[in-house]
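# Observations on the model geometry
Chain by chain, the residues run as shown.
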Amino acid sequence: MDWLRDNLWAAWLSIAGVLALAELASLDFTLLMLAAGALTAAGVSAFFPGLLWLQIVVGLVTAAAMLAAIRPLLVRKLHHGGELKTGSAHVIGRTGTVVKEIHPDGGGSIRLGGELWTARPYDEVSTIEPGTRVEVMSIDGATAVVYPMPEPVRHELDTHPGLNDPEPGPPSASGEQQ
C-alpha cells in the first residue's frame, strides 16, 4: 500500500492507458476525454504526491472540460463530414460539356472532369448540341443521364460595346497585346 501511495502517478497513468485503449473499441471519444483527465491527474500526482483530493479535482475538471468543449468538435468533424460517394455515384450533380450531340436514341457523349462519358437526355425527347453545359442527373449503367443547364441571364449592359472588353495585358512574345 505504501508503494501505491508513493507512486500514485503510475496508477493514474495506468488508468489513462486503459481508458485510451478502451476508446479504440468504442470510438465515441468519451473514454478518450476521461483518459485525458486521468493523464492530468497523473501530472498533478508527480508534483503533489500527497494531495489525492487535488489530483481527483484536477482530473475531473479536465475530463469535464474535454467532454464539454473538445468532444463535440471532434464528433462534428469526424462523424458529420461529407458523404463518401464511390463508383459512378460521384458524378451525379456535376456539370460537363457535350462533346458529341446527345439525342434520345443515344450515341451522345460528354466530357466530365477530363473523362468521356456516353450520355442521353434526361427528358428522353430533347436533342442537346455540342458545347452545351449539362448537369448529370443520374447514371444508368455506364451512361450519364443529363439535363442542359440554363444559359446565364445577360444584362443589356453586358452587351454594351467597350464595357466588357478585356483589360489590355502585357505584350505577348509576338509583340501583340492580349
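Our subject is the structure listed above.
Residues numbered from 1 in each chain as written. Predicted model: local features only at pLDDT ≥ 70, side-chain atom pairs only at ≥ 80, totals over all residues. Heavy atoms only, no water.

Take the overall build of the protein chain next. When its secondary structure is counted, the protein chain shows 4 helices and 5 strands. Reading the secondary structure of the protein chain in the N-to-C direction produces α-α-α-α-β-β-β-β-β. Relative to its 178 residues, the protein chain shows a buried fraction of 24%. Across the protein chain, the fraction of contacts at a sequence separation of at least 24, relative to all contacts at a separation of at least 6, is 47%. Accessible area of the protein chain: about 12,200 Å², with a carbon and sulfur share of 63%. (Helix = DSSP H or I, 4+ residues; strand = E, 2+ residues; numbered from the N terminus. Buried < 20%, exposed > 50% of the residue type's maximum accessible area, 1.4 Å probe, protein only. Contact = heavy atoms within 4.5 Å. Areas by Shrake-Rupley, 256 points an atom, 1.4 Å probe, with all protein chains shown as cover.)

As a further point, take helix α3 (residues 30–47). With 18 residues, α3 extends 27 Å from end C-alpha to end C-alpha; this agrees with the ideal 26 Å at 1.5 Å per step. Burial in α3 covers these residues: Met-33, Ala-35, Ala-36, Gly-37, Ala-38, Ala-41, Ala-42, Val-44 and Ser-45. Looking at the buried residues of α3, the elements they touch are α2 (8–26) and α4 (52–79). (Expected span 1.5 Å × (residues − 1).)

This next bit is on the environment of Val-146. Here Val-146 is to be found in strand β5 (residues 143–148). Expressed as a C-alpha distance, the spacing of Val-146 and Arg-94, which sit 52 residues apart in the sequence, is 9.8 Å. In contact with Val-146, other than residues within four places in its own chain, are Ile-102, Ile-110, Ala-119, Arg-120, Pro-121, Tyr-122, Ile-128, Val-134, Glu-135, Val-136 and Met-137.

All right, on to the nonpolar core then. Grouped together as the largest cluster of nonpolar side chains are 13 residues, with contacts concentrated most on Ile-102, Ile-110, Trp-117, Val-136, Ala-144 and Val-146. Counting residues per element, the ones that place at least two in this core are β2 (108–112), β3 (115–121), β4 (133–140) and β5. Among the elements that line this core, the one with the most residues is β4, at 3 residues. Sequence-distant contacts of Trp-117, defined by excluding residues within four places in its chain, comprise Ser-88, Val-91, Gly-108, Ser-109, Ile-110, Leu-112, Ile-139, Ala-142 and Ala-144. Trp-12, Ala-16, Ala-41 and Ala-42 belong to the second largest nonpolar core, which has 6 residues in total. (Core = buried A, V, L, I, M, F, W, Y, C linked by side-chain atoms within 4.5 Å.)

For the rest of this paragraph, the subject is α4. Along α4, the largest kink reaches about 40° and is centred on Ile-70; proline Pro-72 follows within four residues of it. Taken residue by residue, α4 has Gln-55, Gly-59, Thr-62, Ala-63 and Val-75 as its buried positions. Considering only its buried residues, α4 is in contact with α2 and α3. (Bend = angle between axes of the 7 residues up to and from the residue.)

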